[in-house]
Every structure is written in structure tokens, then in C-alpha cells.
Amino acid sequence: AQKITQTQPGMFVQEKEAVTLDCTYDTSDQSYGLFWYKQPSSGEMIFLIYQGSYDEQNATEGRYSLNFQKARKSANLVISASQLGDSAMYFCAMREGWTGNQFYFGTGTSLTVIP
Amino acid sequence: DSGVTQTPKHLITATGQRVTLRCSPRSGDLSVYWYQQSLDQGLQFLIQYYNGEERAKGNILERFSAQQFPDLHSELNLSSLELGDSALYFCASGVPGELFFGEGSRLTVL
């Protein structure tokens, strides 16, 4: 089974609108971490947001928020007030255990912001 | 700027050749991870080092090897290169719970 599943290969959003990128994960560990990264066309991988499995509140970082639903094993990224610069690939990732060595990545979602 | 430095940014070479990619982790980070990102296989974990020792191994080919030096920088050596080795190679570092990526080294094998 895939550890991280991103079911949306491509998404479009109007500028200034909000968009949700889906991510589901599979683990039997109680302790894990969930990450989102942005990869623009330049290729770099930019860390956006982190959610720990014991964090009770959803993580937020500026216009990014993580909608963490533990029972459903989902960790969706919400981008509010989309900007043209948000057009990029977005990857969801999971680390099993508090100091786990391996990070599992999804296949990514390509987001295009339309002016 | 993640604080992780990778060189070179771009590299073009021929099949059968050998290249070395270099990574300097963020200041204070003991762990270094190497990932390969190719068009058809997404982001693949290759290998992790922690304070000079190999900690975890992923889908790393026998033609590839890595090491981490006492000053904590790491090198990924790719030998007998094939066309399919063309990819973006990332180094990442972080304390437990974090993972920050360098800008990547784009390898093209002709």
C-alpha cells in the first residue's frame, strides 16, 4: 500500500480564491509527522508546513493551513487567497516515528493559478 | 534559503562517466539525506547519513555510493552513468522531525 496518496495530478484555481490539495496517508504508528513541500518550475523543494500526529490544532503558516483529520488519515493543504506565484507542484510527505529516518512522499499535485 | 547547499547546480556528462555531487547541510544538522527525482519515478529516497555513519538505505543502485565527512558535508558518487540516471538529485538535512532541501543538482546524461 502507498504510504502517501495524492489523488489530484492537476488542479486549477482562480487567483485570490482558496484551494485544497488532498493528501491521505497510511501508517500504523501513533507518532508521525506530515509535511507539505512546494516545488516551483525552478526545481527547488520548499518546505511549507508541518503537522505532528499529537498536535491538536491544525497547523497554519501564513496563507497555508493543514486540515488534519486523524481518524480519516488525511492531511489536506489549504492555500487561501491564491497568487500567481503559487503555481507549482505540491508534495505531501510523512515521517513515521518521532525521529524516523525515512520520509515518504506522494506523487504530487500540479497547481495552476489562473489570473 | 533552506541553508542546505548543493553543488553543482547543473551537470551534463556522457554515459559511462562518473560524477560527484556535493552537499553541505544546514549549520548544526547532523543528518544528510539524498533523494533522486526523475520524471517517471517521482521522489525516491536513496540514502541517509547521520554524523558520518550510514543510517538508512533506500533505492540506491550499486553504481551509486555516498559518504559523509567529519565536517558533515556529504558526497554522492554516481558511476558508470546511464541515460536513465538523468534526474534532479536533492540533498536534505534536518534535526529529528524536519527535512529541508537544497536546490538540487540537475544531472543530464547524454
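In the block above lies the structure referred to throughout.
Keep in mind that what you see is a predicted model, and the values were worked out from it rather than measured.

Regarding its fold elements, chain B presents 0 helices and 11 strands. Shown N-terminal to C-terminal, the secondary structure of chain B runs as helices and strands in the order β-β-β-β-β-β-β-β-β-β-β. Compactness check: chain B gives a C-alpha radius of gyration of 13 Å against a globular reference of 13 Å for 110 residues, within 12% of the reference. Overall, chain B is about 35 × 25 × 25 Å in size when its C-alpha atoms are taken along their principal axes. Sorting the 110 residues of chain B into buried and exposed places 50% on the buried side. Across chain B, the fraction of contacts at a sequence separation of at least 24, relative to all contacts at a separation of at least 6, is 52%. About 5,300 Å² of surface is accessible on chain B, with carbon and sulfur atoms providing 47% of the total. On chain B, the mean spot of the 8 positive side-chain charges and the mean spot of the 12 negative ones are 2 Å from each other.

A word on the nonpolar core. Ranked by size, the top nonpolar core spans 24 residues in total, and within it Y25(A), W36(A), I49(A), L77(A), Y90(A) and L111(A) carry the most contacts. Elements supplying a minimum of two residues to this core: β3 (19–21), β5 (32–39), β6 (46–52), β8 (64–69), β9 (74–79), β10 (88–96) and β12 (109–114) of chain A. In terms of residues, this core owes the most to one element, β10(A), which gives 4 residues. Grouped together as the second largest cluster of nonpolar side chains are 21 residues, V32(B), A66(B), L76(B) and C91(B) included.

The final tally for this structure, using the stated rule, is 17 aromatic pairs over all chains. On the basis of an interplanar angle of 85° and a centroid distance of 5.5 Å, the ring pair of F90(B) and F101(B) is categorised as edge-to-face. A residue pair is termed long-range when its members are at least 10 positions apart, and F90(B) in strand β9 (residues 87–94) and F101(B) in strand β10 (residues 100–101) qualify at 11 residues. For F90(B), a relative accessible area of 0% gives the class buried. Overall, the relative accessible area of 2% leaves F101(B) in the buried class. One aromatic cluster in this structure is built from F35(A), Y37(A), F47(A), Y50(A), F103(A), F105(A), Y33(B), Y35(B), F45(B), F90(B), F100(B) and F101(B). The residue whose ring lies beneath K3(A) is Y104(A), and the NZ or CZ to ring-centre distance is 5.4 Å. Geometry around Y64(A) places R63(A) over its ring, the cationic atom sitting 5.8 Å from the centre.

Residues and elements named next belong to chain B. Across the 5 residues that make up strand β8 (residues 74–78), a large majority, 5, are buried. Residues of β8 alternate between two faces, with S74, L76 and L78 on one and E75 and N77 on the opposite face, all of them buried. Looking at chain direction, strand β3 (residues 19–24) and β8 are connected through 5 bridges and run antiparallel. What sits directly across from L21, in β8, is L76. Pairing of strand β7 (residues 64–68) with β8 involves 5 bridges; the strand directions are antiparallel. Within β8, the position partnered with A66 by the bridge is L76. Where β7 folds back on β8, the antiparallel hairpin that results is connected by 5 residues, among which L72 adopts a positive phi of roughly 80°.

Quick notes on the rules
- Residues numbered from 1 in each chain as written.
- Chains lettered and ligands numbered in written order.
- Predicted model: local features only at pLDDT ≥ 70, side-chain atom pairs only at ≥ 80, totals over all residues.
- Heavy atoms only, no water.
- Helix = DSSP H or I, 4+ residues; strand = E, 2+ residues; numbered from the N terminus.
- Rg over C-alpha atoms; globule rule 2.2 N^0.38 Å.
- Buried < 20%, exposed > 50% of the residue type's maximum accessible area, 1.4 Å probe, protein only.
- Contact = heavy atoms within 4.5 Å.
- Areas by Shrake-Rupley, 256 points an atom, 1.4 Å probe, with all protein chains shown as cover.
- Lys, Arg positive; Asp, Glu negative; His and termini not counted.
- Charge placed at Lys NZ, Arg CZ, Asp CG, Glu CD.
- Core = buried A, V, L, I, M, F, W, Y, C linked by side-chain atoms within 4.5 Å.
- Phe/Tyr/Trp six-rings, centres within 6.5 Å; stacked < 30°, edge-to-face > 60°.
- Lys NZ or Arg CZ within 6 Å of the ring centre and 35° of its normal.
- Pairing = 2+ DSSP bridges.

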